[in-house]
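Observations on the model geometry
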Number of protein chains: 2
Amino acid sequence: MTIKKANYKPLTKAEEDIMQILWKLGKAFIKDIVDEMPEPKPHYNTVSTNIKILADKEIVGFESFGKANRYYPLVLKDDYSRKTMKQFVGKYFGGSYSELFSFFAKDKDISITELEKILSDLKNENSKK
Amino acid sequence: MTIKKANYKPLTKAEEDIMQILWKLGKAFIKDIVDEMPEPKPHYNTVSTNIKILADKEIVGFESFGKANRYYPLVLKDDYSRKTMKQFVGKYFGGSYSELFSFFAKDKDISITELEKILSDLKNENSKK
DNA sequence: GTTTTAATACTAATTAATTAGTAGTTTTAC
DNA sequence: GTAAAACTACTAATTAATTAGTATTAAAAC
């Protein structure tokens, strides 16, 4: 039996750009991915090479339709962002999410009122369950 | 008059490792940085090259003591982490901090009660001023 | 069924990032 | 003052990441 090792390795920029689109579309042919890319769009083969790398790393899977492959994420966006955040919070907030929260609470960008709103929304959401 | 353009560019891994130490120490000679590095420690000259790159990019400054330079951060950790978070939240939470917090609130790691405590502490702190 | 189109695999070239060697200079130790 | 040590600048080599060309084959169009 083979257990999938959850060894987190950050995506490179090119890989992440592709994954963002794949997470959005759910499944896509290379052509679809290129279409979703902002200008200047990369060459079809560039995306093809990179998605092959992602497939080799088992970050995406694919189904073949004739000659063409339709790709889909094997790593979920939530899982990836959770792990990325964890790394980040570890490095920048001593591993404490509370510190992260209070950092933003102190920030001008986001007001206390706003945070209170978020919290009360959250409480409502939870109590509904 | 020259205005410092705050053009955020993520640090590379090697650069970030150095900055983490510099943010921790406040100011340091290359030797000190190497000392702080975990095993396997990089070569002195590797750090020297990388910190020169950081100096060229005006991410660190330095004072000369004879032949040796003592380096210090020009970019503050808070600023860097704020910008990194902003990028991240943009990409993974549609730019909404509320979504970020609710994401973590759903996680077992951090409870709403905990967040409320932080917020009320903050309000107290503010009203004291 | 032949031609055109679309797709991937494979390969190779380029650029970015990382590492560390060599040379030369200042400082320190004696 | 001379030798050794410490330090940086400059250079070069290596590795990682990115890009895209060429060859080939399957599918689609006719």
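All residue numbers here refer to positions counted from 1 along the written sequence of the relevant chain. By the order in which they are written, chains take letters starting at A while ligands take numbers starting at 1. Note on the predicted model: pLDDT of at least 70 is required for a residue's local features to be given, and 80 or more for side-chain atom pairs to be given and counted; whole-chain, interface and lining totals, by contrast, use all residues. In computing side-chain values, all of the structure's heavy atoms are included and hydrogens and water are not.

All names here are of chain A. Within the open sheet, the three strands sit side by side as β1-β3-β2. Their pairing is antiparallel. In this open sheet, the two edge strands, each paired with only one partner strand, are β1 (28–29) and β2 (60–65). Here the rule is simple: two strands pair whenever DSSP picks up at least two bridges between them. Numbering of helices and strands starts at the N terminus; helices are DSSP runs of H or I of at least 4 residues and strands are runs of E of at least 2. With two bridges joining them, β1 and strand β3 (residues 68–73) adopt antiparallel strand pairing. What sits directly across from A28, in β3, is Y71. Running over the sheet, helix α1 (residues 13–25) touches β1, β2 and β3 and is turned about 85° from β3. Note on contacts: a residue pair qualifies if any of its non-hydrogen atoms lie within 4.5 Å across the two residues. Only the stretch in contact is used when fitting a helix axis, every axis being a line fitted to C-alpha atoms; angles between N-to-C directions are given from 0 to 180 degrees.

With that settled, consider the pairing of strand β3 (residues 68–73) of chain B. Residue and element names in this part refer to chain B. Both strand β2 (residues 60–65) and β3 contribute to a ladder of six bridges, which runs antiparallel. Along β3, the bridge assignment pairs F65 with A68. Count of turn residues in the β2/β3 antiparallel hairpin: two residues, of which G66 carries a positive phi of about 65°.

Right, let's talk about the protein's contact with DNA strand C for a bit. In the region of DNA strand C, 19 residues are neighbours, and Y44(A), K67(A), T12(B), N45(B) and T49(B) sit closest. Near residues are defined by distance, with any heavy atom within 4 Å of the molecule or strand qualifying the residue. Taking the atoms of DNA strand C that fall within 4 Å of the protein, sugar and phosphate contribute 62% of them. Counting of polar contacts relies on pairs of N or O atoms within 3.5 Å, with two restrictions inside protein: one atom must be capable of donating a hydrogen and the other of accepting it, and residues adjacent in sequence are counted only when both atoms are side-chain atoms. Note that a base nitrogen of DNA strand C is positioned 3.4 Å from one of the side-chain N or O atoms of K67(B). Those elements that provide at least two residues to the surface near DNA strand C are α2 (30–36), α3 (44–56) and β3 of chain A together with α1 (13–25) and α3 (44–56) of chain B.

This paragraph deals with the protein's contact with DNA strand D. Around DNA strand D sit 19 residues in total, of which T12(A), N45(A), T49(A), Y44(B) and K67(B) are the nearest. At the protein interface, 65% of the atoms of DNA strand D within 4 Å belong to sugar or phosphate. Take K13(A): an N or O atom from its main chain is 3.4 Å from a phosphate oxygen of DNA strand D. Residue N69(B) places a main-chain N or O atom 3.2 Å away from a phosphate oxygen belonging to DNA strand D. Only α1 and α3 of chain A together with α2 (30–36), α3 and β3 of chain B provide two or more residues apiece to the surface near DNA strand D. Residues that form the surface near DNA strand D fall into these classes: four nonpolar, ten polar and five charged. In this count, Pro and Cys sit with the nonpolar residues alongside Ala, Val, Leu, Ile, Met, Phe, Trp and Tyr, while Asp, Glu, Lys and Arg are called charged and the others, Gly among them, polar.

By themselves, these observations are geometric and do not establish any function.
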